[in-house]
Amino acid sequence: QVRLVESGGGLVQAGGSLRLSCAASGRTFSSLAMGWFRQAPGKEREFVAAISRSGGPTSYADSVKGRFTISRDNAKNTVYLQMNSRKPEDTAVYYCAASVGRPITTVRSTYDYWGQGTQVTVSS
């Protein structure tokens, strides 16, 4: 069993920056591919970013490419999402997720464990 706990959400003005963190426990962190998803009110949960088990390859949704950066520290069992140049449409609950047995994945259904989510609100 893997436990994921997100932190760092809050209110930020448009154009501002915020960094989310997700601390994992319960399994060797370097064996997990990690990802961030988000869900806005009335919308489906959508892919934001993913990072491989090694921290090398990454993948981003087109809507955040060039503004968000995913990274991980395997020594600290933590994955991060640095969000710059925030837009009001980035407002959502952001979820951290872990996938077992895959090097990297962007598909929601391939993630095995999820955090409880953290609210991010961008004001215009």
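Counting restarts for each chain: residues are numbered from 1 in the order of the written sequence. Side-chain atom pairs in this predicted model are given and counted only at pLDDT of 80 or more, local residue features only at pLDDT of at least 70, and totals for whole chains, interfaces and linings cover all residues. Remark: hydrogens and water are excluded; side-chain values derive from all non-hydrogen atoms of the structure.

1. Digging into the pairing of strand β9 (residues 92-100)
- For β9, a buried count of seven out of nine residues is recorded, marking the element as mostly surrounded by other parts of the structure.
- Whether two strands pair comes down to DSSP finding at least two bridges between them. Numbering of helices and strands runs from the N terminus, with a helix taken as a DSSP run of H or I at least four residues long and a strand as a DSSP run of E at least two residues long. Where strand β4 (residues 32-39) lies against β9, eight bridges are found, and the strand directions are antiparallel. Paired with A33 across the bridge in β9 is S99.
- Bridge analysis of β9 against strand β11 (residues 118-123) gives three bridges, and the strand direction is antiparallel. Residue pairing across strands places V93 opposite Q119, the latter belonging to β11.
- Here two bridges tie β9 to strand β10 (residues 113-114), and the two strands are oriented antiparallel to one another. Looking at the pairing, A98 lines up with Y113 of β10. Exposure classes here rest on a 1.4 Å probe applied to the protein chains alone. A residue is buried below 20% of its type maximum, exposed above 50%, and partly exposed in between.

2. Observations regarding the state of the cysteines
- The rule for a disulfide is simple: a pair of cysteine sulfur atoms within 2.5 Å. Scanning the entire structure with this criterion turns up one disulfide.
- A sulfur-sulfur distance of 2.1 Å marks the disulfide that ties C22 to C96. Sign of the S-S torsion, about -75° for the bond between C22 and C96, identifies this disulfide as left-handed. On the criterion of sequence distance, the pair formed by C22 in strand β3 (residues 18-25) and C96 in strand β9 is long-range, its members being 74 residues apart. Comparing C22 with C96 shows no difference in burial state: the two are buried.

3. Here we look at the nonpolar core
- Within this scheme, the nonpolar core is defined by two criteria: the residues are buried Ala, Val, Leu, Ile, Met, Phe, Trp, Tyr or Cys, and they are joined through side-chain atoms within 4.5 Å. Residues L4, M34, W36, V79, L81 and Y94 are the most contacted members of the largest nonpolar core, which totals 34 residues.
- Those elements giving two or more residues to this core turn out to be β3, β4, β5 (46-51), β7 (68-73), β8 (78-83), β9 and β11.

4. As for the sheet that holds β7
- Read from one edge of the open sheet, four strands run β1-β3-β8-β7, paired in antiparallel fashion. For this open sheet the edge positions go to β1 (3-7) and β7, each flanked by a neighbour on one side alone. On average, each strand axis in the sheet is inclined to that of its neighbour by 15°, with strand direction left out of account.
- In the sheet, β3 pairs with β8 via six bridges, with the strands oriented antiparallel. Among the inter-strand pairings, L20 is bridged to a residue of β8, identified as L81. Note on geometry: axes are C-alpha line fits, over the in-contact stretch for helices, and angles between N-to-C directions span 0 to 180 degrees.

Read these as layout, nothing more, since geometry by itself doesn't imply function.
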